[in-house]
Amino acid sequence: MEKDKKKTLTISSNLKKKIDTSSITSSGKKSYSVEKKKPFRPNKSFNKTAQAPNINIDTKKKNFARKFIEQQATKDFIKKDNKPAGKSKLKLKGPVDKRDFKLTVSRALNVEEIEIKQRSLASVKRARLKDKKKPEGEEKKEFKKVIKEVKIPEQITIQELSNRMAEKSSDIIKFLFNMKVVATINHNIDKDTAEYIVKEFGHKPIIEESPSIETSKSKDKIKGDVRNRPPVVTIMGHVDHGKTSLLDSLRDTNVVSGEHGGITQHIGAYQVSADNNKLITFIDTPGHAAFTEMRARGSKITDIVVLVVAADDGIKPQTVEAIKHAKAAKVPIIVAINKCDLPEKNISKIKNEMMQYELIAEDLSGDTLFVEVSALKKLNLDKLKESILLQSEILDLKASYSDKAKGVVIESKIDKGKGPVSTILISNGKLNKGDYFICGDTWGKIRAMINYEGKMVNEALPSMPVEILGMNSSAYAGAEFTVTEDEDEAKKLAEFRRNNNAQNKVLTKDKTTLFEDVKDKEELNIIIKSDVHGSSEALKMAINKIEHKEVEAKIILSDIGMINETDVSLAKASKAILLGFNVKPNREAKKMADEQKIDIKYFNIIYEALDYVEKSLSGLLEPDIKETILGSAEIQKIFKVSNAGKIAGSKVISGEIKSKSKARIIRDGVVVFSGEILSIYREKNQVKEVGTGLECGISIKDFIDFKERDVIESYLAEEIQRSI
């Protein structure tokens, strides 16, 4: 009976006293006592050394576990006396199921258990430890913007500007977009816009100074071995006054025979030895009206101008122009009166005419040297040389024979075997073979030098003209020539000048030329190819001076060298006329021109080329129409003919009516139709003409709306070709 009785678990209310198991009665009842301390409550009076009691109650397991986690987190992070609390020694005794602490879907959806998603404890712990590692008193660093000095050239891309400022290119593009400027990363902006952007972004702009190379005659810039240099003399004057013949007599050569038509087409530079082995550099300029630029260029690079005037011809327009160029260049003038051996000479007249241009001869109490010479008979040539040397001594011309060379391009051309070739006049310094140089917007290295006698030389001294080989591209005549330190400097300066020239062309372009579709005039496209740059320049300027209200010449290409396939293709595409001045096409270009039926015109004398251009422009002019009234007839009656349509029965009131002539139908004083008389009938016979007072039938081409009292006027229209 005792075994069948149920066992019950009772907990004694007295927790302080231990229950003695030996006092269990034999009546079958068993009692157990559990020693338990006061329940844990996390407060300020909580003892750190206290340990968790043994709990064996399933119903309170979850709540106690949550309290345990909160207590451990609190113990780990609560600071006391500015010292971190140690690891909690609180341990959970008794069986605890780990699944009770896992996050399940039901728990995630249970708002009571997990109210708000919060930062993880591990994240908080890492942040606290990071703050502890920082030394005390250290403040957070504030990053200040680095202000940079930004160099700004004439033009710069947005990409390059962003790199120099260390800013994002997208920020610059946004800034421009806010200013209503749409740009991309590869767009070029000018220095003013770039400077404004740099200032807005808080940086300091620095405008790059443009490198400049100047060819100057200033004595202050002469360094090194300074000595007297030969004078540079330019021979100027009117065409056919004997300039080249005089120079030939001085040099004992015959340059005139090599010029087409006996007219100088190029600038030539030579050296002549005078007394005491002194040299004189002569520059020969053309006298034709089209070569104004050549004469102006010759006067700029010269020390003395020799003005050649024919004794039998006197002062001419090009003579006056040469005087103006020489005075503009502020160089002394020596007047050489040529052809003084002719019987029809009039020297006193020339001297008197020169007085109005402030050139007064010495025998007339002036200071201008006049020399009477004859190129043909070689009279007084020594006296001319003495006058030049005397004038050069007064000028006291000096130059350095050891400094880096400087000079000016007299003429340039493209040779078939040599490539770009330029004639350089050295103004100062010494030019050596192998020197790197810059010339205009091109650069190169001296591969070879050829003097005026056609000999190869290794060095060129001041006032010496030489042909140089080694340019990357042909330089324009009048460009400054300067030797640089090395190849890199030459490249840099050439690139700068090239960009600067391109920018100037854009800035100087007229706004009206932007609308190329609007054409008020008929245009004649012209392509010019010549042997040297000076001839091409002279042709271009002379053609541009041809002006007319209805037509104009448009030069789409002006270059030097042989005519090639590209020129022929361009002429076909642009419907241009192709002019070759002292040049011929190569084999491929000639074959292509024959196939494409492109007409190439060749000229050796400049005024022949200009005459052809004027005739071509005249062909574009609309011809004048000259009308001749033949007679008039009045319509009396209208007849219908099955084969011919309507026939106007008319009576000739004045003159005569001719078949196949032009006709006008006049109704009430107003012209209603203009056409052609198709046929005239007289008494059922077709006739060619009908006289005054006779009646006839008239049919008009493409017109049948006749009315009585209309007047048919017969006339002839003649086209008269106009010319410029």
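Here's a quick rundown of the structure. Here the structure is a predicted model, which means the values were calculated and not measured.

**Side note on the packing of aromatic side chains**
Per the stated rule, a full pass over the model turns up six aromatic pairs. When the centroid spacing of 6.0 Å and the interplanar angle of 35° are considered together, the rings of Phe175 and Tyr196 count as tilted. A residue pair is termed long-range when its members are at least 10 positions apart, and Phe175 in helix H5 (residues 169-178) and Tyr196 in helix H6 (residues 191-200) qualify at 21 residues. Aromatic ring contacts, followed pair by pair, group Phe175, Tyr196 and Phe201 into a single cluster. Positioned over the ring face of Tyr602 is Lys584, at 4.1 Å from the centre of the ring. One Lys or Arg, Arg664, reaches over the ring of Tyr715 and ends 4.1 Å from the middle of that ring.

**Some thoughts on the nonpolar core**
Ranked by internal contacts, the top residues of the largest apolar core, which has 23 residues, are Leu246, Phe282, Val306, Ile334, Leu384 and Ile388. Among the secondary structure elements, those contributing two or more residues to this core are strand S8 (232-237), helix H7 (243-251), strand S9 (268-273), strand S10 (279-284), strand S11 (304-310), strand S12 (333-338), strand S13 (369-372) and helix H11 (381-395). Counting residues per element, this core draws most heavily on H11, at four residues. Setting aside chain neighbours within four positions, we find Leu246 in contact with Val308, Ala336, Val373, Ala375, Leu381 and Leu384.

**Overview of the sheet that holds strand S24 (residues 522-530)**
The parallel open sheet is built from four strands, whose spatial order is S25-S24-S26-S27. Two strands close off the open sheet at either side, each with one partner strand: strand S25 (551-560) and strand S27 (600-603). If you compare each strand with its neighbour and ignore which way they point, the axes differ by 25° on average. Two elements, strand S26 (residues 577-581) and S27, share four bridges in a ladder whose sense is parallel. Across the sheet, Gly580 pairs through a bridge with Tyr602, a residue of S27.

**As for unusual backbone geometry**
In the Ramachandran plot, Asp396 falls in the positive-phi region, its phi being about 55° despite a non-glycine side chain. Note that Asp396 resides in the loop between H11 and strand S14 (398-400). Overall, Asp396 belongs to the partly exposed group, its relative accessible area being 34%. One non-glycine residue with positive phi stands out, namely Asp702, at about 65°. Residue position: Asp702 is located in the loop between strand S35 (695-700) and strand S36 (711-720). Classification of Asp702 by relative accessible area gives exposed; the value is 67%.

**Things to note about a positive patch on the surface**
On the surface, a cluster of positive charge is contributed by Arg119, Lys125, Arg126, Arg128 and Lys132. Under the relative-accessibility criterion, Lys125 is labelled partly exposed at 44%.

**Topic: helix H9 (residues 317-328)**
Compared with an ideal rise of 1.5 Å per residue, which puts 12 residues at 16 Å, H9 spans 17 Å between its outermost C-alpha atoms and is within 8% of the ideal. Buried within H9 are the following residues: Gln318, Thr319, Val320, Glu321, Ala322, Ile323, His325 and Ala326. Where H9 terminates, the next one or two residues include Lys330, which has phi positive at roughly 60°.

**Examining the packing of helix H14 (residues 565-574) against helix H15 (residues 587-596)**
Here H14 crosses H15 at 20°, and the two axes come no closer than 8 Å. Classed by the angle they form, the pair H14 and H15 counts as roughly parallel. Crossing geometry of H14 relative to H15 is assigned as right-handed. The segment H14 lies against H15, with Glu565, Val568, Ser569 and Lys572 engaging Glu588, Ala589, Met592, Ala593 and Gln596.

**Some points on the environment of Glu372**
You can see Glu372 is positioned in strand S13. C-alpha of Glu372 to C-alpha of Ile337: the two residues are 35 residues apart in sequence and 4.8 Å apart in space. Not counting chain neighbours up to four residues away, the residues in contact with Glu372 comprise Ile337, Cys340, Ile347, Lys351, Leu379 and Asn380.

**Overview of the packing of H7 against H11**
Interhelical geometry of H7 versus H11 gives an angle of 95° and a closest axis separation of 10 Å. For the element pair H7 / H11, the angle class is roughly perpendicular. Mapping the contact onto sequence places Leu246, Ser249 and Leu250 in H7 and Leu381, Leu384 and Lys385 in H11. When grouped by side-chain class, the residues that make up the contact of H7 with H11 number four nonpolar, one polar and one charged.

**Quick look at the side chain of Glu713**
Its location among the elements puts Glu713 in strand S36. One polar contact links Glu713 to Arg664, side chain to side chain, over a distance of 2.9 Å. Apart from residues lying up to four places away in sequence, Glu713 is in contact with Ile629, Gly631, Ser632, Lys662, Ala663, Arg664 and Ile666.

**Some remarks on the side chain of Thr423**
Considering the arrangement of structural elements, one finds Thr423 in strand S16 (residues 419-428). When sequence neighbours within four positions are dropped, the list of residues in contact with Thr423 reads Val408, Val409, Ile410, Glu411, Val466 and Glu467.

**Structural notes on the sheet that holds S12**
In spatial order, the strands read S9-S10-S8-S11-S12-S13; together these six strands make up an open sheet with mixed pairing. Edge positions in the sheet fall to S9 and S13, since each has one partner strand and no second. Direction aside, neighbouring strands of the sheet carry axes that sit 25° apart on average. Note: S9 against S10, six bridges, orientation antiparallel. Along S10, the bridge assignment pairs Tyr270 with Phe282. The strands that H7 touches are S8, S9, S10, S11 and S12; relative to S10, the one it contacts most, it runs at about 155°.

**Considerations on the pattern of salt bridges**
Here the structure, examined in full by the defined rule, presents 17 salt bridges. A network of salt bridges, in which partner residues are shared, links Glu627, Arg664 and Glu713.

Rules used in this analysis
- Residues numbered from 1 in each chain as written.
- Predicted model: local features only at pLDDT ≥ 70, side-chain atom pairs only at ≥ 80, totals over all residues.
- Heavy atoms only, no water.
- Phe/Tyr/Trp six-rings, centres within 6.5 Å; stacked < 30°, edge-to-face > 60°.
- Helix = DSSP H or I, 4+ residues; strand = E, 2+ residues; numbered from the N terminus.
- Lys NZ or Arg CZ within 6 Å of the ring centre and 35° of its normal.
- Core = buried A, V, L, I, M, F, W, Y, C linked by side-chain atoms within 4.5 Å.
- Buried < 20%, exposed > 50% of the residue type's maximum accessible area, 1.4 Å probe, protein only.
- Contact = heavy atoms within 4.5 Å.
- Pairing = 2+ DSSP bridges.
- Axes fitted to C-alpha atoms, helices over the stretch in contact; angles between N-to-C directions.
- Patch = residues over 30% accessible without salt bridge, like charges linked within 9 Å, V, L, I, M, F, W, Y side chains within 5 Å.
- Areas by Shrake-Rupley, 256 points an atom, 1.4 Å probe, with all protein chains shown as cover.
- Salt bridge = Lys/Arg side-chain N within 4 Å of Asp/Glu carboxyl O.
- Lys, Arg positive; Asp, Glu negative; His and termini not counted.
- Charge placed at Lys NZ, Arg CZ, Asp CG, Glu CD.
- Expected span 1.5 Å × (residues − 1).
- Parallel < 35°, antiparallel > 145°, perpendicular 65-115°, else oblique.
- Left-handed = near helix turned anticlockwise from the far one by under 90°.
- Nonpolar A, V, L, I, M, F, W, Y, C, P; charged D, E, K, R; others polar.
- Polar contact = N/O pair within 3.5 Å; in protein donor to acceptor, adjacent residues only side chain to side chain.

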